[in-house]
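# Commentary on secondary and tertiary structure
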Amino acid sequence: MIEILPPSKIPLARKSGALVAEILETVRERATVGTNLLEIDEWTKDIILGAGATSCYVDYAPSFGRGPFGHYICTSVNDAVLHGLPHDYALADGDLLTLDLAVVLGGVAADSAISFVVGESRKKDTAMIDATERALAAGIAAARPGNKIGDISHAIGTVLSEAGYPINMQFGGHGIGSTMHQDPHVSNNGRPGRGYGLRPGLMLALEPWIMEDTDELVTDDDGWTLRSTTGCRTAHSEHTVVITDDGAEIMTLRA
């Protein structure tokens, strides 16, 4: 299903996006060496419920996971890149942490992800994070009326490829609206001028993610967490945007 938001729902999308951005920024500020991933999940739960919002993850049970997910936020550490299931782990100095969060507020979903290093960072880690952020910015710049999904994918893939990173095509961005995951799929690489045509009211979650030296994933025993097959580090950046008459408005922009 491809959902086009009517103008009356755009303010609701802004509110849900602002909540996601606030939670990610709050957790980023609070997460330090020694913070347990289960603490992060509890912080997230408290803020979501306190805002009168609904988690997109707790009851989420897609075909690729061993559902339901049962937690409020994805916490992926180091070689984990997607769908990291919170568990009893205390963050160590130098850990590369990715937080991925989606909520529904006012009947509209928003989805965003950030990667950052806890404690002392390594140049390779910051370079990876920077590559995903630049790729995300390029994808957002290509998200405008008259373009196609392939234009977004090509913009993202060009940045990642030029930075020297392999690109996995199994998981990518997606449509979003009253529910978290909708069509169209937005691959992190592709050919320009191909795919669904972009028009005002289309809301997309764009999410470039990379692994340092491989494009192959392995699933943890928990049935959810996806890791690099080589054990290399990973990074992931994501924003929810709405196509407007002039381009794309970022719903999950952080302060």
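Structural notes, computed from the coordinates.

We now examine the environment of Met-211. Note that Met-211 resides in strand S9 (residues 209-211). Separated by 46 residues in the primary sequence, Met-211 and Tyr-165 place their C-alpha atoms 7.1 Å from one another. In this structure Met-211 touches Val-81, Met-128, Tyr-165, Pro-166, Glu-216, Leu-217, Arg-227, Ser-228, Cys-232, Arg-233 and Thr-234, once residues within four positions along its chain are discounted.

Glancing now at the sheet that holds strand S7 (residues 182-186). Pairing is antiparallel in the open sheet, where 5 strands are placed in the order S7-S6-S8-S13-S14. Strand pairing shows two members of the sheet lacking a second neighbour, S7 and strand S14 (248-250), which therefore form its edges. Strand-to-strand twist in this sheet, taken as the mean axis angle between neighbours without regard to direction, amounts to 25°. In the sheet, strand S8 (residues 203-206) pairs with strand S13 (residues 239-243) via 4 bridges, with the strands oriented antiparallel. Its bridge partner being in S13, Met-203 is matched across the sheet by Val-242. Across the sheet, helix H4 (residues 149-162) is in contact with S7 and S8; its angle to S7 comes to roughly 40°.

Our focus in this paragraph is the side chain of Asp-79. Mapped onto the elements of the fold, Asp-79 is located in the loop between strand S2 (74-77) and strand S3 (80-82). On the basis of relative accessible area, Asp-79 is assigned to the buried category, the value being 18%. In this structure the side chain of Asp-79 is engaged in a polar contact, spanning 2.7 Å, whose partner is the side chain of Arg-227.

Counting residues in hydrophobic clusters, the biggest one holds 27 residues, and the most contacted among them are Ile-152, Leu-198, Leu-204 and Leu-206. At the level of secondary structure, the elements contributing two or more residues to this core comprise helix H3 (123-142), H4, S8 and S13. At 7 residues, H3 tops the list of elements feeding residues into this core. Membership of the second largest hydrophobic core comes to 24 residues, among which are Leu-24, Trp-43, Ala-53 and Leu-101.

Another aspect to go through is the state of the cysteines. Throughout this description, disulfide means a covalent bond between two cysteine sulfur atoms. Counted by the stated rule, this structure contains 0 disulfides. In this structure Cys-74 is not part of a disulfide, and its nearest cysteine sulfur, from Cys-56, lies 11 Å away. Relative accessible area serves as the criterion here: at 5%, Cys-74 is assigned to the buried category. Sulfur of Cys-232: no disulfide; nearest cysteine sulfur belongs to Cys-74 and is 19 Å away.

What follows deals with the sheet that holds strand S11 (residues 226-228). The sheet built from 3 strands is open, its strands ordered S3-S11-S10 with antiparallel pairing. Single-partner strands in this sheet number two, and they are S3 and strand S10 (217-219). The sheet shows a mean angle of 45° between the axes of neighbouring strands, direction not considered. Bridge count for S10 against S11 is 3 bridges, and the pairing is antiparallel.

Conventions and cut-offs
Residues numbered from 1 in each chain as written. Predicted model: local features only at pLDDT ≥ 70, side-chain atom pairs only at ≥ 80, totals over all residues. Heavy atoms only, no water. Helix = DSSP H or I, 4+ residues; strand = E, 2+ residues; numbered from the N terminus. Contact = heavy atoms within 4.5 Å. Pairing = 2+ DSSP bridges. Axes fitted to C-alpha atoms, helices over the stretch in contact; angles between N-to-C directions. Buried < 20%, exposed > 50% of the residue type's maximum accessible area, 1.4 Å probe, protein only. Polar contact = N/O pair within 3.5 Å; in protein donor to acceptor, adjacent residues only side chain to side chain. Core = buried A, V, L, I, M, F, W, Y, C linked by side-chain atoms within 4.5 Å. Disulfide = S-S within 2.5 Å.

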